[in-house]
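Coordinate inspection notes
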Amino acid sequence: MPRQFFIGGNFKMNGVADSITSIVNNLNSAKLDPNAEVVISPPAPYLSLARQVANDNIGVAAQNVFDKPNGAFTGEISVEQLQDLKINWTLVGHSERRVLLKESDEFIAKKVKAAVDGGLGVIFCIGETLEERESNSTIAVVTRQLNAAAKELSKEQWAKVVIAYEPVWAIGTGKVATTEQAQEVHAAIRKWLGEAISAEAADNTRVIYGGSVSEKNCRELAKENDVDGFLVGGASLKPAFVDIVNSRL
Ligand code: 13P
């Protein structure tokens, strides 16, 4: 079975009820590749709205979730609350949270574990900074980030994880990774899955690319063997997102 192409739309802290409704309505009425899995991730206050407006074939993801089930954790959102709202996915470990909010590999891994234990699919984000790339430590950095999650998850639980490789230097910069740069890291991630998890995980886990993906560069990237889709930021707010969803058509 080939891996199903996966396109996530991360709205980040953008949009209000009106604009999010119109983005979702635009997706509802577009002709989307029936073989692609599409999951949008609006800001937390609009998760429920997006779930109500979106067609059933469009998934909705939170942008973050907490690792504890409930209690005195002001401002956090639990797995149970997401499930209650019929939100089946969450992002975890986005670089904006790693960098700006100082989330550690271990904390992120605990959140991945809590989300998967609670039945959510996880879009697990990893990636290196420009400094790390320039010092040739890209593979070491993503391996460290992956190893932290591997300490928490059982081998079977990787079936609920989509790995998003998002080089920090490519996010929101217009500086997309070349097809070779993306394929090289994706292949290394798949090799890691085979060695650290299982042959099944290496075959079946979607490894998607994020960082300045646009309707212009998506088709070339989508041809690479180990690129199983995209996590799209800025362009997911625009009608061009439909072209990215359809990049394999
Ligand atoms: P951009 O597509 O805006 O570069 O953002 C990528 C990203 O961070 C998606 O999570």
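Our structure's up above, just so we're on the same page.
To start, this report covers the structure provided alongside it. (Residues numbered from 1 in each chain as written. Predicted model: local features only at pLDDT ≥ 70, side-chain atom pairs only at ≥ 80, totals over all residues. Heavy atoms only, no water.)

Let us now look at the packing of aromatic side chains. As enumerated under the stated definition, the model contains six aromatic pairs in all. Ring plane angle 50° and centroid distance 5.0 Å describe the contact between F66 and F73, whose orientation is recorded as tilted. Taking the relative accessible area as the measure of exposure, F66 reaches 11% and is therefore buried. Given the relative accessible area of 33%, F73 is considered partly exposed. Look at F66 and F107: their rings are 6.1 Å apart centre to centre, the planes differ by 70°, and that puts the pair in the edge-to-face class. (Phe/Tyr/Trp six-rings, centres within 6.5 Å; stacked < 30°, edge-to-face > 60°. Buried < 20%, exposed > 50% of the residue type's maximum accessible area, 1.4 Å probe, protein only.)

Okay, the site of the ligand next. Around the ligand sit N10, K12, H94, E166, A170, I171, G172, G211, S212, L231, G233 and G234, and that is every residue in its neighbourhood. Note that an oxygen atom of the ligand is positioned 3.0 Å from one of the side-chain N or O atoms of N10. The side chain of H94 places a nitrogen or oxygen atom 2.8 Å from an oxygen atom of the ligand. The protein chains hide 94% of the 310 Å² of surface that the ligand would expose on its own. Across the shell around the ligand, the residue classes break down as three nonpolar, seven polar and two charged. (Near = heavy atom within 4 Å. Polar contact = N/O pair within 3.5 Å; in protein donor to acceptor, adjacent residues only side chain to side chain. Areas by Shrake-Rupley, 256 points an atom, 1.4 Å probe, with all protein chains shown as cover. Nonpolar A, V, L, I, M, F, W, Y, C, P; charged D, E, K, R; others polar.)

With that settled, the discussion passes to the environment of L153. Tracing the backbone through its elements, the reader meets L153 in the loop between α7 (138–152) and β6 (161–165). Each C-alpha atom of the pair L153 and D117 lies 8.9 Å from the other, and the pair is 36 residues apart in sequence. (Helix = DSSP H or I, 4+ residues; strand = E, 2+ residues; numbered from the N terminus.)

On inspection of all chains with the given rule, the structure shows one cavity of 30 Å³ or more. If you add up the space inside the largest cavity, you get close to 40 Å³. G93, H94, S95, R98, C125, I126, G127, Q145, E166 and I171 are the residues that line the largest cavity. Of the residues in the lining of the largest cavity, the class split is three nonpolar, five polar and two charged. (1 Å grid on protein atoms, 1.4 Å probe; cavity = no way out; pocket = protein on both sides within 12 Å on 5 of 7 lines; lining within 4 Å. Points joined across faces, edges and corners; volume = space filled by probe spheres on them.)

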